[in-house]
Amino acid sequence: MPVFHTKTIESILEPVAQQRCGDFTMEQKLKQRICIEFCVKLRISATETFEMLNKAFPNDAPKRTTVFEWHSRFKAGRISIEDDPRQGRPNFSKD
């Protein structure tokens, strides 16, 4: 049986729920990535995944490119729904 991130989602979302990333909160982005991962596990195409996300999140759907990138990552075996670490200064305060 596939392992989904639903059991640990609250622990992931809690510390980042209020962080803003562009027009979305991190919580929204992570929820959408979980949806994308779920669709990959069900062998739903990237195009269908994008269409479903637009129905589910009509005002907050990710861009087509974003959906296709994450779909490809999960299809290739990625497990984490979090952003990869980046070099440089963080764009938010930890205070």
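Note: the structure precedes this text.
Here the structure is a predicted model, which means the values were calculated and not measured. (Residues numbered from 1 in each chain as written. Predicted model: local features only at pLDDT ≥ 70, side-chain atom pairs only at ≥ 80, totals over all residues. Heavy atoms only, no water.)

Looking now at the packing of helix H3 (residues 46–56) against helix H4 (residues 64–75). Put simply, H3 and H4 touch, their axes get as near as 9 Å, and they point 130 degrees apart. As the angle between them shows, H3 and H4 are arranged oblique. As H3 packs across H4, the resulting crossing turns out to be right-handed. Each of Ala-46, Thr-47, Thr-49, Phe-50 and Leu-53 in H3 lies in contact with H4, whose residues at this interface are Arg-64, Val-67, Phe-68 and His-71. For the contact of H3 with H4, the per-class residue count stands at 5 nonpolar, 3 polar and 1 charged. (Axes fitted to C-alpha atoms, helices over the stretch in contact; angles between N-to-C directions. Helix = DSSP H or I, 4+ residues; strand = E, 2+ residues; numbered from the N terminus. Parallel < 35°, antiparallel > 145°, perpendicular 65-115°, else oblique. Left-handed = near helix turned anticlockwise from the far one by under 90°. Contact = heavy atoms within 4.5 Å. Nonpolar A, V, L, I, M, F, W, Y, C, P; charged D, E, K, R; others polar.)

Once that is clear, we can look at the nonpolar core. Met-26, Leu-30, Ile-34, Ile-36, Val-40, Phe-50, Leu-53, Val-67, Trp-70, Phe-74 and Ile-81 together form the largest nonpolar core, which totals 11 residues. Only helix H2 (26–41), H3 and H4 provide two or more residues apiece to this core. Tallying contributions element by element places H2 first for this core, with 5 residues. (Core = buried A, V, L, I, M, F, W, Y, C linked by side-chain atoms within 4.5 Å. Buried < 20%, exposed > 50% of the residue type's maximum accessible area, 1.4 Å probe, protein only.)

Locating Gln-32 in the fold gives a position in helix H2. Judged by its relative accessible area of 4%, Gln-32 falls in the buried class. Here Asp-60 takes part through its backbone oxygen, which lies 2.7 Å from a polar atom of the side chain of Gln-32. Discounting residues that sit within four places of it in the chain, Gln-32 has contacts with Leu-53, Phe-57, Asp-60, Ala-61 and Pro-62. (Polar contact = N/O pair within 3.5 Å; in protein donor to acceptor, adjacent residues only side chain to side chain.)

For the rest of this paragraph, the subject is the packing of aromatic side chains. For any two aromatic rings, the description comes down to two numbers: the centre-to-centre distance and the angle of the planes. One pass over the structure, following the stated rule, counts 1 aromatic pair. Over the aromatic face of Trp-70 sits the side chain of Arg-73, whose NZ or CZ is 4.5 Å from the ring centroid. (Phe/Tyr/Trp six-rings, centres within 6.5 Å; stacked < 30°, edge-to-face > 60°. Lys NZ or Arg CZ within 6 Å of the ring centre and 35° of its normal.)

With that settled, consider the state of the cysteines. Counting across every chain of the model gives 0 disulfides. Cys-35 takes part in no disulfide bond, and the closest cysteine sulfur to it belongs to Cys-39, at a distance of 6.9 Å. Taking the relative accessible area as the measure of exposure, Cys-35 reaches 30% and is therefore partly exposed. What makes Cys-39 buried here is its relative accessible area of 5%. (Disulfide = S-S within 2.5 Å.)

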